[in-house]
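Chain by chain, the residues run as shown.
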Amino acid sequence: ADGVTGPTGATGADGVTGPTGSTGATGADGVTGPTGATGADGVTGPTGATGADGVTGPTGPTGATGADGVTGPTGPTGATGADGVTGPTGPTGATGADGITGPTGPTGATGADGVTGPTGPTGATGADGVTGPTGADGVTGPTGPTGATGADGVTGPTGATGPTGATGATGPTGPEGIGLSAFGGLFNDTPQTINLGIGTTAQVPLPTAMPLSNTTTAANSITVAQAGVYEINYFSLVSVALGTTLTFAVRINGVNIPDTVISRLLSVGVGSTFSGSVIVSLNAGDVIDMAVSALIAVGVTLGSGVSATLTVKKIS
């Protein structure tokens, strides 16, 4: 018979693990079985309670602005407000310097003295008072009364007045005082239209005169009476009925002053200002005016308010 099994001996240390073998090929998939029949729908459960509103999302971008509607009719003009308070009067300008005083004329000769009248007669001397009697030495008698004074003699007649001496010669006239010896001006404040023909020239209307000195006005022009050097200032605000080039000039005796000629292309109905200043030599009798011209027939309009001015002043 087998003997009793002895105790198991201690396990020996593990041996070194051998290398892992390569993975074997995957086997082919098995055939898919048939799909089972769809089961019947279950009973629909009750609708649950509505949940709380979610957080409001951001506002979307503003849509494009629609086209403007038709403009309604203009309402009636409101009443004109009361005039504002008149502002304070500006300071008075400085007084111009006095002109040079002319020399004093010579003094006239003094007339001769008149003849002296005769001396009147001397009045009579009054009689002496009566002398008191001389008595013995003793008390002096009283003084007699004073005799009356004789009347004054008649006053002689006044002698004739001597002839008045001749008037002295008048002194020469002093030089002109400081200031302008000649000036004048014209302006237009009446709305009107100048109708120009093709290539024609027309005066700018200037019907109203400003203060004048040694100048005269006629036919929208100023005539100077003194030769000298003058400053001419001019202004005109016009518009045209057709787009065209308009030429403006100040003239002396109908001839353009070159420094004043302005040619400008104007649009229909758009106001344009022609203005400036020029210094020229003028002869006595020269005539100054303003004129406009165009290459086509066109109406040139001077609007409301002051639309044209022309002034001349002698400076030398």
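What counts, and at which threshold
Residues numbered from 1 in each chain as written. Predicted model: local features only at pLDDT ≥ 70, side-chain atom pairs only at ≥ 80, totals over all residues. Heavy atoms only, no water. Core = buried A, V, L, I, M, F, W, Y, C linked by side-chain atoms within 4.5 Å. Buried < 20%, exposed > 50% of the residue type's maximum accessible area, 1.4 Å probe, protein only. Helix = DSSP H or I, 4+ residues; strand = E, 2+ residues; numbered from the N terminus. Contact = heavy atoms within 4.5 Å. pLDDT = per-residue confidence, 0-100. Phe/Tyr/Trp six-rings, centres within 6.5 Å; stacked < 30°, edge-to-face > 60°. Salt bridge = Lys/Arg side-chain N within 4 Å of Asp/Glu carboxyl O.

## Comments concerning the nonpolar core
So, point 1. Within the largest apolar cluster, 35 residues are counted, with the highest numbers of intra-cluster contacts made by Leu196, Ile232, Leu246, Val250, Met290 and Leu310.
So, point 2. The biggest single contributor to this core is strand S7 (residues 228–240), with five residues.
So, point 3. When sequence neighbours within four positions are dropped, the list of residues in contact with Val250 reads Ile232, Tyr234, Val255, Asn256, Ile257, Thr260, Ile288, Asp289, Met290 and Leu310.

## A few points about unusual backbone geometry
So, point 1. Phi at Asn220 takes a positive value of approximately 60°, unusual for a residue other than glycine.
So, point 2. Note on placement: Asn220 falls in the loop between strand S5 (215–218) and strand S6 (221–224).
So, point 3. Residue class for Asn220 comes out partly exposed when judged on its relative accessible area of 25%.
So, point 4. Even without being glycine, Asn253 reaches a positive phi, approximately 55°.
So, point 5. By secondary structure assignment, the location of Asn253 is in the loop between strand S8 (244–252) and strand S9 (255–256).
So, point 6. Asn253 gets classed as partly exposed once you look at its relative accessible area, which sits at 46%.

## Brief notes about the confidence of the model for the protein chain
So, point 1. Looking at the protein chain as a whole, the pLDDT averages 78, with 65% of positions reaching at least 70.
So, point 2. Scored below 50 in pLDDT, residues 129–135 makes two contacts in the model with residues more than four places away or belonging to other chains.

## Considering the environment of Ser304
So, point 1. Relative to the elements of secondary structure, Ser304 occurs in the loop between strand S13 (298–302) and strand S14 (308–314).
So, point 2. As for Ser304 and Pro191, which are separated by 113 residues in sequence, their C-alpha atoms are 4.9 Å apart.

## Points about the packing of aromatic side chains
When we look at a pair of aromatic rings, we describe it by the centre distance and by the angle of the planes.
So, point 1. Enumeration according to the criterion identifies two aromatic pairs in this entry.
So, point 2. On the numbers, 5.4 Å between centres and 20° between planes, the contact of Phe248 with Phe274 is stacked. Of the two residues, Phe248 is situated in strand S8 and Phe274 in strand S11 (residues 272–282); the sequence distance between them amounts to 26 residues. Exposure class is identical for Phe248 and Phe274. Each is buried.
So, point 3. A connected cluster of aromatic rings, assembled from ring pairs, spans Tyr234, Phe248 and Phe274.

## Looking at the pattern of salt bridges
Pairing between side chains of opposite charge can happen when their charged atoms approach one another.
So, point 1. Applying the stated criterion across every chain yields a total of two salt bridges.
So, point 2. Between Glu231 and Lys313 there is a salt bridge, and its shortest N-O distance comes to 3.3 Å. Taken together, the residues Glu231 in strand S7 and Lys313 in strand S14 connect sequence positions 82 residues apart.
So, point 3. One salt bridge in this structure joins Asp289 and Arg251, with 2.7 Å as the shortest N-O distance. One end of the pair, Asp289, is in strand S12 (residues 287–294); the other, Arg251, is in strand S8, and 38 residues separate them in sequence.
So, point 4. When its relative accessible area of 6% is taken as the criterion, Asp289 is described as buried.
So, point 5. Relative accessible area serves as the criterion here: at 16%, Arg251 is assigned to the buried category.

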